[in-house]
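# Notes for the structure review
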Amino acid sequence: MSFDIFLQYLLNGLMLGVIYAIVAVGFTLYFGVLDVIKFSHGDILMVGAFAGLTAYIGIAGTFDSPWLQLLVLVLISLSVAAFLGAVIARYLILPLQKAPPINTLLVTLMLGLALREAVRLFYPNGSNPKPFPRLLPTDGISLGEFTLRSDSLILLLTGIICIVAVQRLITRSKIGLAIRAVAQDSETARIMGINFRQIVLITFMLGSALAALAGLMNGLYYNEVNFSMGLLLGVIGFSAAVVGGLGNFYGAIVGGFLFAALQTLGAVMLPAIFPDVPSAYKDVFAFTVVIIIMGLKPTGLISEKSSERV
Amino acid sequence: MKLLITTFVLGLLYSMLLLGSENQAEVGGLVVLGFIVSLVGKKMGLMDRLAAAVRVHPQFPAYASVAGVLITMAVFHNSHFALLMLATVLIYSVVCLGLNIQFGYVGIVNFAGAAFFGIGSYTAAVLATHTEVPHLVILLLAACVSALIGSILIYPVLRTRGHYAALVTIAFGILFRNFLEVNDTLGGPQGMKIPALNLFGWNLSNGIEIAGYEISFYIPYLLIALILLILSFKITRNLERSWIGLSMDMVRTDEIAASTFGVNIANWKIVAFTLGNFIAGMAGALYGMMTAYVAPNNFTFADSLIMVSIVILGGIGNPWGIIPAAAIVVILPEKLQFIQEYRFLLYAIVVILILLFRPDGLLPRRIREYFPGKKAGGEK
């Protein structure tokens, strides 16, 4: 393989990895705070992307500068998702706190299905893929076959900055301290005067806003959004979080990049090793490896330290 | 007994009217009527009396259901669509009985129900197209393939718990569909055709005429589906009542306690998972042969969720709840055309509401009675 094609794959893999890692961080935040899986996460991502698209259609005539458009689009998309996340936490997740965990998983799975179907049915022409505006500058540097486009570079950097920012928020800020306290032991945290419900809502808003960001990045990178993009991205994000170790921030990032690496590797290696196997099997390959990892390391690569409570 | 027979006759009439009516307004009226009757019945304590009557004649519901299917079949002997729906209800009930063993008894939620259903269908398609294996044997072989693939998956499921185990089945369901879409030998996204079921040299799709009556080709499929349903129902029910069921209940409710009492957790999980997938695969093979066509779009993640929602709607762990739940889920959207487009949305909302407000489903599973006749808790 020539060097420029390798670079192309590397960039693509890194791009996917950042998006997956952001989605996985959301899963990890929820699991850390409440020990629940919010499976509608992927569909919040999709709703965020559609909210951004709608915002763009609404403001395209008002502002001329693409940067200003982008700013408004990001703000609207993130706030819609954050609001949705808070509503879900308040009316679906918190009431089910005492129920068996599988009920929460099912409720959020079904909610994801409902969101997906609602967009398909009620968004104008929602069942077809929609073009996403190309708002970032596209000029770039070419290295032979490989072109490093500035929009990819901006997206990649934004993603990395966001992950670092969330990490700083959780480890350095007061809210982060409260989130970590609730995650550690919610009862003691409550006794110490932390507003449990408020922290839970903030965590869900933060996670959902991150999901919307991942949705926008995905839309800007591929210039297309569709109603079912959330399902696969959600499952991949969940797999990444689980493979890394649920509830572990760094695990989620490792898992995200690992999954992207597996997909890219599958796309490159499968046709090279087995001539009859096309690269379309990359997802099959990646999920197979995930299932195998789950068999070998049942609690993820960086596992949570916990003992069985009897 | 009088009460039971009246209920049976009324229920039969109601379902036949529902199956036979073509008019949207009629169907809507019938659905509303059914809803009101069940509400009023509940208020008047009819349900409790019915439950008491069933306890006196425990065999009645089983015979009544079989008789109901046979009578409905005789009435609609010539209308393909009604029979297809009836058969679909039966087949879906079979699949969900399989899932019920996994979910309701040992507590493994299988989010890849449609995938195992699909494995059955595709195995039947491949075997029927490329080999001369007798078609009834194909049903068994398809079930075995489904159980075999499930038994590979059980390894990571066993090693993991709760959410981690859920991931394994979700990932497998999506993997399966991806695999079908890109695999050209299995027809890719277009899917493949299945030759009609051939019983002892008799091609079932050729329609039948008995004593001057023309009979739909769906009837034989319906009969096979009914036999499958009876068999799998018997298995599930007997499993529940045996000491195996007791062990499985224990695995579900408290793994640690179960293991301290010497219950082999892994063993019962393997048994339940494999048996459930076996049943689902067999149902899938029959369904594929009946519709004569399989495509990846019939086995999506949303379909798996629908199967899980039937189990929840019916009442987790209660095999009796599954059949009415499957009937509601399969027939209503087909009959009410305006629902058809919105059915996934509606199911999703209904399941969310059930989980929030009535987590036990329509017919909740009752607590095991160790001394039949006495109520739990020592009351008389």
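What counts, and where the lines are drawn
- Residues numbered from 1 in each chain as written.
- Chains lettered and ligands numbered in written order.
- Predicted model: local features only at pLDDT ≥ 70, side-chain atom pairs only at ≥ 80, totals over all residues.
- Heavy atoms only, no water.
- Helix = DSSP H or I, 4+ residues; strand = E, 2+ residues; numbered from the N terminus.
- Rg over C-alpha atoms; globule rule 2.2 N^0.38 Å.
- Buried < 20%, exposed > 50% of the residue type's maximum accessible area, 1.4 Å probe, protein only.
- Contact = heavy atoms within 4.5 Å.
- Lys, Arg positive; Asp, Glu negative; His and termini not counted.
- Charge placed at Lys NZ, Arg CZ, Asp CG, Glu CD.
- Areas by Shrake-Rupley, 256 points an atom, 1.4 Å probe, with all protein chains shown as cover.
- 1 Å grid on protein atoms, 1.4 Å probe; cavity = no way out; pocket = protein on both sides within 12 Å on 5 of 7 lines; lining within 4 Å.
- Points joined across faces, edges and corners; volume = space filled by probe spheres on them.
- Nonpolar A, V, L, I, M, F, W, Y, C, P; charged D, E, K, R; others polar.
- Salt bridge = Lys/Arg side-chain N within 4 Å of Asp/Glu carboxyl O.
- Core = buried A, V, L, I, M, F, W, Y, C linked by side-chain atoms within 4.5 Å.
- Pairing = 2+ DSSP bridges.
- Expected span 1.5 Å × (residues − 1).
- Patch = residues over 30% accessible without salt bridge, like charges linked within 9 Å, V, L, I, M, F, W, Y side chains within 5 Å.
- Phe/Tyr/Trp six-rings, centres within 6.5 Å; stacked < 30°, edge-to-face > 60°.
- Lys NZ or Arg CZ within 6 Å of the ring centre and 35° of its normal.
- Buried area = accessible area lost by both parts, 1.4 Å probe.
- Polar contact = N/O pair within 3.5 Å; in protein donor to acceptor, adjacent residues only side chain to side chain.

## What to know about the overall build of chain B
Of the regular secondary structure elements, chain B holds 16 helices and six strands. Over its C-alpha trace chain B gives a radius of gyration of 21 Å, about what one expects of a compact globule, namely 21 Å for 380 residues. Projected onto its principal axes, the C-alpha positions of chain B cover 60 × 55 × 40 Å. Scored against the burial criterion, the 380 residues of chain B give a buried share of 49%. Taking the contacts inside chain B whose residues are at least 6 apart along the sequence as the reference set, 78% of them involve residues at least 24 apart. Across chain B, the centroid of the 23 positively charged side chains sits 13 Å from that of the 18 negatively charged ones.

## Remarks on the overall build of chain A
Secondary structure assignment for chain A yields 11 helices and four strands. The C-alpha radius of gyration computed for chain A amounts to 20 Å, which stays within 12% of the reference 19 Å derived for 310 residues, consistent with globular compactness. On the principal axes, the C-alpha backbone points of chain A span a range of 60 × 55 × 40 Å. Sequence-distant contacts in chain A: of pairs separated by 6 or more residues, those separated by 24 or more amount to 75%. Surface accessibility of chain A: about 13,700 Å² in total, with carbon and sulfur atoms responsible for 66%. For chain A, the distance from the average site of its 18 positive side-chain charges to the average site of its 15 negative ones is 12 Å.

## So, empty space enclosed by the protein
All names here are of chain B. Counted by the stated rule, this structure contains one cavity of 30 Å³ or more. In this structure, the largest cavity encloses a volume near 30 Å³. In terms of lining residues, the largest cavity is bounded by L99, Q102, F103, V109, N110 and V308. Of the residues forming the lining of the largest cavity, the biggest block, three residues, is contributed by helix α5 (residues 80–106). Of the residues assigned to the lining of the largest cavity, the class counts are four nonpolar, two polar and no charged.

## Brief notes about the pattern of salt bridges
Under the counting rule described, the total for this entry stands at seven salt bridges over all chains. For R120 of chain A, the salt bridge identified is with E117 of chain A, shortest N-O distance 3.0 Å. Taken as a pair, R120 of chain A and E117 of chain A lie in helix α4 (residues 101–122) at a separation of three residues, close to a single helical turn. For E117 of chain A, a relative accessible area of 6% translates into the label buried. Notably, a salt bridge pairs E181 of chain B with R177 of chain B, separated by 3.3 Å at the nearest N-O pair. With E181 of chain B and R177 of chain B both in helix α8 (residues 162–182) and four residues apart, this pair spans about one turn of that helix. Classification of E181 of chain B as partly exposed rests on a relative accessible area of 30%.

## Focus: the nonpolar core
With 218 residues, the main nonpolar core has L34 of chain A together with F111 of chain B as its most contacted residues. Ranked by size, the runner-up nonpolar core spans five residues in total, among them L18, V27, L30 and I339 of chain B.

## Quick notes on the pairing of strand β2 (residues 140–143) of chain A
Residue and element names in this part refer to chain A. Two strands pair when backbone bridges link them, and β2 and strand β3 (residues 146–149) are joined in this way by four bridges, in the antiparallel orientation. Paired with L143 across the bridge in β3 is F146. Here β2 folds back onto β3, and the loop between the two strands holds two residues, one of which, G144, carries a positive phi near 65°.

## Re unusual backbone geometry
Its identity as a non-glycine residue notwithstanding, N125 of chain A has a phi of 55°, on the positive side. If you trace the backbone, N125 of chain A turns up in the loop between α4 and β1 (130–131). Unlike most non-glycine residues, A292 of chain B shows phi in positive territory, near 60°. With respect to the helices and strands, A292 of chain B occurs in the loop between α12 (265–291) and β6 (293–294).

## A few points about helix α9 (residues 229–244) of chain A
All names here are of chain A. The terminal C-alpha atoms of α9 lie 22 Å apart, and with 16 residues this matches the ideal 22 Å at 1.5 Å per residue to within 8%. Among the 16 residues that make up α9, 14 are buried, leaving the element largely enclosed by the rest of the structure. Just downstream of α9, G245 is the residue with a positive phi angle, here 115°.

## Brief notes about a nonpolar patch on the surface
On the surface, M1, I5, V9, L10 and L13 of chain B cluster together into a nonpolar patch covering about 460 Å² of accessible area. Here V9 of chain B shows up in helix α1 (residues 2–20).

## A look at the layout of surface pockets
Residues and elements named next belong to chain A. In this structure, the second largest pocket occupies an estimated 1,200 Å³ of space. In this structure, the second largest pocket is lined by 38 residues; those nearest its centre are N226, S228, M229, L231 and L232. Looking at the lining of the second largest pocket residue by residue, the class counts come to 19 nonpolar, 10 polar and nine charged.

## What to know about the environment of M294 of chain A
Within the secondary structure layout, M294 of chain A lies in helix α11 (residues 282–296). Its relative accessible area of 0% is what places M294 of chain A among the buried residues. With sequence-adjacent residues up to four places away left out, M294 of chain A is seen in contact with V242 and V243 of chain A together with P156, R159, T160, Y164, L167 and V168 of chain B.

## Quick look at the packing of aromatic side chains
All told, the structure shown has 21 aromatic pairs over all chains when counted by the stated rule. Residues Y20 of chain A and F259 of chain A carry aromatic rings whose centres are separated by 5.9 Å and whose planes lie at 80° to one another, so their mutual orientation is edge-to-face. Placement of the pair is Y20 of chain A in helix α1 (residues 3–34) and F259 of chain A in helix α10 (residues 249–273), with a sequence separation of 239 residues. In this structure, Y20 of chain A and F259 of chain A share a single accessibility class: buried. Here the aromatic residues Y92, F117, Y122, Y287 and F299 of chain B are joined through ring pairs into a cluster of three or more. Over the ring of F196 of chain A we find R190 of chain A; its NZ or CZ atom is 4.1 Å from the centre of that ring.

## A few points about the interface of chain A and chain B
Counting residues at the interface gives 48 residues for chain A and 40 residues for chain B. Of the roughly 3,900 Å² buried where chain A meets chain B, counting both sides, 82% is carbon and sulfur surface. Counting the contacts that link chain A with chain B gives zero salt bridges. Our enumeration of links across chain A and chain B arrives at three residue pairs in polar contact (both at pLDDT 80 or more). Mapped onto the side of chain A that touches chain B, the elements with two or more residues apiece are α3 (66–93), α4, α9 and α11 of chain A. Ranked by residues supplied to the side of chain A that touches chain B, first place goes to α4 of chain A with 16 residues.

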